[in-house]
Each structure stands twice: as structure tokens, then as C-alpha cells.
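Residues per chain, in single letters:
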Amino acid sequence: MKRGILKLSILCILFAGPGIAVYAAGPYGEGKDKIIIEGSTTVLPIAQAAAETFMRQNTEMDISVRGGGSSVGIASLIDKTCDIADASRAIKDIELEKAAANGVSPKAHVVAMDGICVIVNNSNPISALNRKQVKDIYTGKISNWSQLGGSNEKIVVISRDTSSGTFEAFMTLVLEGQKVRPDALMQASNQAVASTVSRTPGAIGYVGLGYLSSEIKALEIDGVMPSKETVLGGKYPISRPLFMYTDNTPSGRIRDFIDFVKSAEGQKIVNEQGFVALK
Amino acid sequence: MKKFVTAIVLVGFIVLVAGMRLSYAGEIDLLLQKLVEKGILTPGEAQQVKTETKEEIRKEIAQAKYELLPEWLQRVKFKGDFRLRYQFKRERGASDDNIGRIRLREGVEVKVNDQMKAGFGLATGTTSDPRSTNVTFGGSSGTPASFKDITVDYAYGQYSPTTWLTFTGGKFKNPIWQPTDLLWDTDLNPEGFNAQLDYRLNPYFGLFLNAETFILAYDSAKGSDTVLWAVQPGIKYNLHDWLDLRAAVTGYFYTNLKGKGKYNRQSTNSLDSANQYKYNYNAVNPSIEIGVKDPFASFPLLAKYIPYAGLYGDFVYNPDPETGKSGFDAGIKFGAEKVGGWGQWQARVMFAKLGRDAFLDIFPDSDRYSGKTNMKSVEFILEYGLGKNTSLALDYYWAESLSKQTSGGAAGSNIPQQLVQVDWNLKW
């Protein structure tokens, strides 16, 4: 029995030691000038660049930015372990219900628009496709331009690598979750996709709106040409808003940061990162 | 900025008048379009107001729906699962065994107040086997299609004074973290108390600590219960979303075990002349798991099919016995990090070896060599997603005793066993 009590005491000391230490230190993020941002890898470059500029201007600020995906960010906001959740999609109804059950009221802030342009080589006579045709090309159902009224030339499919936010958006908005054909050439950047398409006569690819140039031809999709106006007006079909979510209408430093991202200076960063600015 | 604020006030007024109903969304669009045409808003600002307003309305509807639920239902969460299994077992010296099995589990968790929870779960199974919630088709001898027993799987109370500290008492899911089920069958729910600290030092690094008291046997006659005390300090590390690492060292300490105890054991631990446990099972058990997202990012074809890969392992050492005092396992998994939908898959391969007295033989996975110690095994699992919350899994074990049989027809040989399980899993 004595040995039992001794072991229980050792157990209590082992447990109490670190417990007291971390209690004295206080939980992470409670510091008055700390902000934790977590979520979408698509929004990550905007959040990182904005946080860097904001911290340069406000040296007392400490902003931690990490990815993990929209679902992870929203789950953390609901669990109250982050201050801002980055999301490349709107919060789901089930997440809203979980948030309500946890006493969290997610407030959406649209910080940018994401517009993805389907591009071909300048020599390609095709100038318009619909989303179904693009999907069929990328899933392998259509493999020659002649099937779309073009020349008898094999389609060379160029895609972004699976870890990119652009790939994720294209999967959701065009492929509806279906897999890209296995022989697609995967490129690590928007610039690499544009460059490969410009050099390859039968190629098709997709890039962010900011990467269009005279070297490549953007296609009309479902009758709408991609442009800042058609993306912002919600007319171009391969576009989506990008969000930062906070618990309720933010106050203090969190509000200052959200206001900064929405400001002209913040929207300049959005442009620089290849997304469509709201201003 | 002033024009933007005016527009938000105007739209807010419309939403208010509209009674937060989505049917008025079209009117908001028209108003925003007019404001853009008159140059009061830019198209981007209009898009921002439109989307944020729509999201605000969705939130209001979700909150209203939630608030319409009875107060008690708002505090209750239900979860459950059903598993249909086909199992084939082949063992030297025994007949081949083909059986069909089901498992049903249903659990409830109630938020008592902001700091306290209570939960309980019911499951199929028998009170005599804490390591299995399966019931076998035709298992009741002489009674075809008999009713199946439902038992209390777990029942606990929980107190969390902060977000990072939780105390649990009752019969509960084992909080000791293990990357595999080599030492702890996942169906086994300890009875006793646990204190858990889970503290995030920064977005990348966290500490956790479990301190558990597991009452193995109540002994009123001698006033000396058999108790397992376990302490598990560990770390969690996440590097830039592509690397996840978790590592821990668990110490197990028993009181009143050596020279006592004849539990529902598998007859592999060593016994003394009085047929009681010959050794103590105080042991140390380091564990590690490393997961990498997009491990083949540089190889597009592989990257497409293998978005995740992980390595994991355990080691256990009991200093008391002279032989058979250690065990280990090591494995890899790859495919989807979690099988969550149609077409997603994950494969796992694991090698394990567990000495006769390395760990108490009432705890290990009951499927691996019938839950015995003194064995080595290879396990292969392939899980394939059939849709949301449902999957098909194939689990194959090859195992063999470490020591040779001393009598009977197979004397001088190890005793191999093969087990194949095909599971259809449904969760809700």
C-alpha cells in the first residue's frame, strides 16, 4: 500500500510540474499582440506577405501564419485555437452548426478573388470551350483538338502539381473532384505552365489571371472571357472568393490586420501574389 | 471609404428589412449592381459586400436552426459505427476457421456545462472479453439467429478547467497514445482515472502528458487492488504543413501483480509454481510516428496517387524477466492520410515482435496471433473508400510463435497462424 501511495505521489509530481510551469507561462496566443492565422494553402501566400508587411509597420505585433487547408483553419477557429481562419471556400453548413454549438460566430471577410484562365498556344485556332469540354480534356475523354473542331493534333495536357492551390481550385471548379489524366505534365508554378504552353503548339494549361500575356491565348469559358471585370462581377465561371474568417466582427489588433488586408496596400499584395484584388 | 461604408449600411438595411431571408438575395444583387453603375462601389467592393452578406445570412440561418433545437439536444453529440466482417483463420494443428461477424457501437457525449462532460457508449460483445466487440454469426450454440448482447463499452465523466488540461474518470477510451495496437487493443477501455495535458507552445510545437491509473483487479479480501500506473510524456511537431511528428515515452508501473493475477490472459506470460504471474511487468515504451504530406512532390505521377506517407514504430522493454523481455514494431503507411471518400485508399505494412514477458498478455491486439505475446508477425492492411463515412478494408496477418512447440504432432516447430479479415465499415 505504501508503495502505491509513493507511486501516486511521484505521478502527481511528474504531472503537476509541467502543469504548473505551463499555467504560469499562460496559453499560447493570449499575449496582447499575438495573432494566429491558420488554414488554406491557397490564401497562405497572401496571409504571409500581408503579415510580413503588417509586422514591419507594427513592430509590437507577432503574427504566426500556417497552412493546413481550409478545413483545418475553420476547425481551429471553431476550437478557438486560432484568431483568423484562411479559407478558399465558404464555410460549410455543418461547420456553422458546430461553431454555433461551440459559441463561435464565424464572420466572413472576402480578401481576394481567385480567377483561373484556361490557356492554349497562340497557334491554336480554338478560342472558346465550355467547362464540360475542359473537364473531358483533363480527364482523358478528349485527346485530339479535332474532336473540338480544331486541327488534327494531339492535346498536350499541362497541369499544376497537386500541392498547389491553383490545382485545388481547378479540381473543384472544373474537374468536380475527378482525377487528372496520368500522362498530364505537372508543373511547379503558374509561370512554368504559361511557358510550356507558349512553346508547345498542341498544349492546354491553366494559370491565375495575373499570368496572362501575349505569349499565350486565354480561352473564353462558357461564353465569358477571363478578366478582372468578369471575375469581380462573378460572371467568369472558373473563379471563387478567398476568405479570412474571424470569430464575430473582429476588434483590436485582429480588426487592424483584416482592415489592412482589405486596404489598398493589402490589395496591392493580393495582386502581387497573382490573385484578383478587390480594389 | 465613406462611399463603401454607405453601401454597407444600405445593404445592411435591406437585409434587415428582408428579415435575413435568402429570397431577397436577388434584390441585394440588383442594388449592388446599381451602386456599381453609379460609381459608388467598385465591382470588387460589390463582390465583397455581396459575398459577405450572403455568408452572414447563411450564418444567421445556421445559428437560428441550432437555437431552435431543444436546449438539451444542443448539448448532446451522438456517434456510432457498424462493421460487417468476414474472417478466415488458419493455424497449424487446428482446423481452418471461416466466420462472419458484426460489431455495433453507439455513443453519446453530453456537455454538462462549459467545463464538464459526461459520455457513455454501448457496444455488442461479451462481458468476458474486453478486447473484442464482435459477435459471431451463429455463435450461440443451439440457438440459431439468437439476440445479441449489448454491453456498456465506456462511461465516464470529464472535467477540463482549461483548454489544455483534462481530467477523466470512469471507463474510457484509452488516452495513452500508441501508433499501433501491438501493446493495446483499441477495443480495450481502461477503468480508472486519467489526467491529460495537451499544450501548444507555438503553432509548430506542442507537449502532451498522460497520467493514468488503471484498476485491473479489485480485491476487498486483501485490501490490495492490482493497479497499473502509466505516465506518458510526449511531443507533437508540425513543420510547414508537410511534416508531422509525434513521439512519446510511456512508463508502466504495476502494484500487486507479481505473484498474483490470473486474468483473462492468453497463457503466454510466465507463471510461477502457484500458477500466478512470475514477473513484474513494469516497462518502458518509447513510440514515434512521422507523417509526410506530398512525399513525392518531385515525381508527378507518384504524387498523384500517394499524397501521404508515414513511418511509425514502438519499442517495449521489461527489465524483470531473464528472457523474452522486449518487443518492437515498425511500419509504413501510404496513400491518403485518412480514407474519407470514394476512391481514397491507404495501405499499411507492419512488422512486429513481442517477447513472452515484455508486456502483460491481457492487453495486445486480439487479432494479432490471438492477442498473445511470444510472437512475431507481419500485417498488411488495405482500406478503400466506398463513399462518405464508409470503407472496405482487407487486413492480413501472418504470425508465428517465437518459441517452438514442446509436445504433440508439431513438437519442435514454431506455430504459424494466418488471419484474413474483410471489413465493411459504416460510420455515423
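See above for the structure.
All of these numbers come straight from a predicted model, not from anything done at the bench. (Residues numbered from 1 in each chain as written. Chains lettered and ligands numbered in written order. Predicted model: local features only at pLDDT ≥ 70, side-chain atom pairs only at ≥ 80, totals over all residues. Heavy atoms only, no water.)

Our focus in this paragraph is the packing of aromatic side chains. Residues and elements named next belong to chain B. Under the defined criterion, the tally for this structure stands at 22 aromatic pairs over all chains. Summarising the aromatic geometry, the rings of Tyr159 and Phe167 are spaced 6.4 Å apart at their centres and angled 20 degrees between planes, so their arrangement reads as stacked. Note on Tyr159: relative accessible area 32%, which makes it partly exposed. For Phe167, a relative accessible area of 33% corresponds to the partly exposed category. With a centroid separation of 5.7 Å and 85 degrees between ring planes, the pair formed by Trp342 and Tyr384 is classed as edge-to-face. (Phe/Tyr/Trp six-rings, centres within 6.5 Å; stacked < 30°, edge-to-face > 60°. Buried < 20%, exposed > 50% of the residue type's maximum accessible area, 1.4 Å probe, protein only.)

Burial analysis of helix α6 (residues 165–175) of chain A places eight of its eleven residues in the buried class, which makes it a mostly covered element. At the exit of α6 of chain A stands Glu176 of chain A, carrying a positive phi of roughly 50 degrees. (Helix = DSSP H or I, 4+ residues; strand = E, 2+ residues; numbered from the N terminus.)

This brings us to the layout of surface pockets. All names here are of chain B. Empty space within the second largest pocket amounts to approximately 1,000 Å³. Mapped by element, the contributors of at least two residues to the lining of the second largest pocket are β1 (76–91), β2 (97–111), β4 (135–136), β5 (150–162), β8 (205–217) and β17 (416–427). Across the lining of the second largest pocket, the residue classes tally to 14 nonpolar, 20 polar and twelve charged. (1 Å grid on protein atoms, 1.4 Å probe; cavity = no way out; pocket = protein on both sides within 12 Å on 5 of 7 lines; lining within 4 Å. Points joined across faces, edges and corners; volume = space filled by probe spheres on them. Nonpolar A, V, L, I, M, F, W, Y, C, P; charged D, E, K, R; others polar.)

By size, the foremost hydrophobic cluster in this structure holds 60 residues, and its most contacted members are Leu129, Ile137, Tyr138, Phe170 and Ile204 of chain A. The element that contributes the greatest number of residues to this core is strand β4 (residues 106–121) of chain A, accounting for eight residues. For this core, the domains that each give at least three residues are domain 1 (2–113 + 242–272) and domain 2 (114–239) of chain A. Residues contacting Ile204 of chain A, with those up to four places away along its chain left out, are Val118, Ile119, Val120, Leu129, Ile137, Tyr138, Trp145, Ile155, Val156, Val157, Ile158 and Val197 of chain A. Core analysis: the second largest hydrophobic core is formed by 30 residues, Leu188, Val316, Ile362 and Ile415 of chain B among them. (Core = buried A, V, L, I, M, F, W, Y, C linked by side-chain atoms within 4.5 Å. Domains from an automatic or database assignment. Contact = heavy atoms within 4.5 Å.)

The subject of this paragraph is the interface of chain B and chain A. Taken together, the 48 residues of chain B in the interface contact 54 residues of chain A. Where chain B meets chain A, there are five salt bridges. Notably, a salt bridge pairs Glu97 of chain A with Lys65 of chain B, separated by 3.4 Å at the nearest N-O pair. For the side of chain B that touches chain A, the secondary structure elements donating two or more residues are α3 (43–68), β6 (165–171), β7 (191–200), β8, β9 (226–239), β10 (243–255) and α5 (300–305) of chain B. For the side of chain B that touches chain A, the element with the most residues is α3 of chain B, which contributes 15 residues. A breakdown of the residues in the side of chain B that touches chain A according to their chemical character gives 23 nonpolar, twelve polar and 13 charged. (Salt bridge = Lys/Arg side-chain N within 4 Å of Asp/Glu carboxyl O.)

As far as function goes, none of this settles anything; it's purely spatial.
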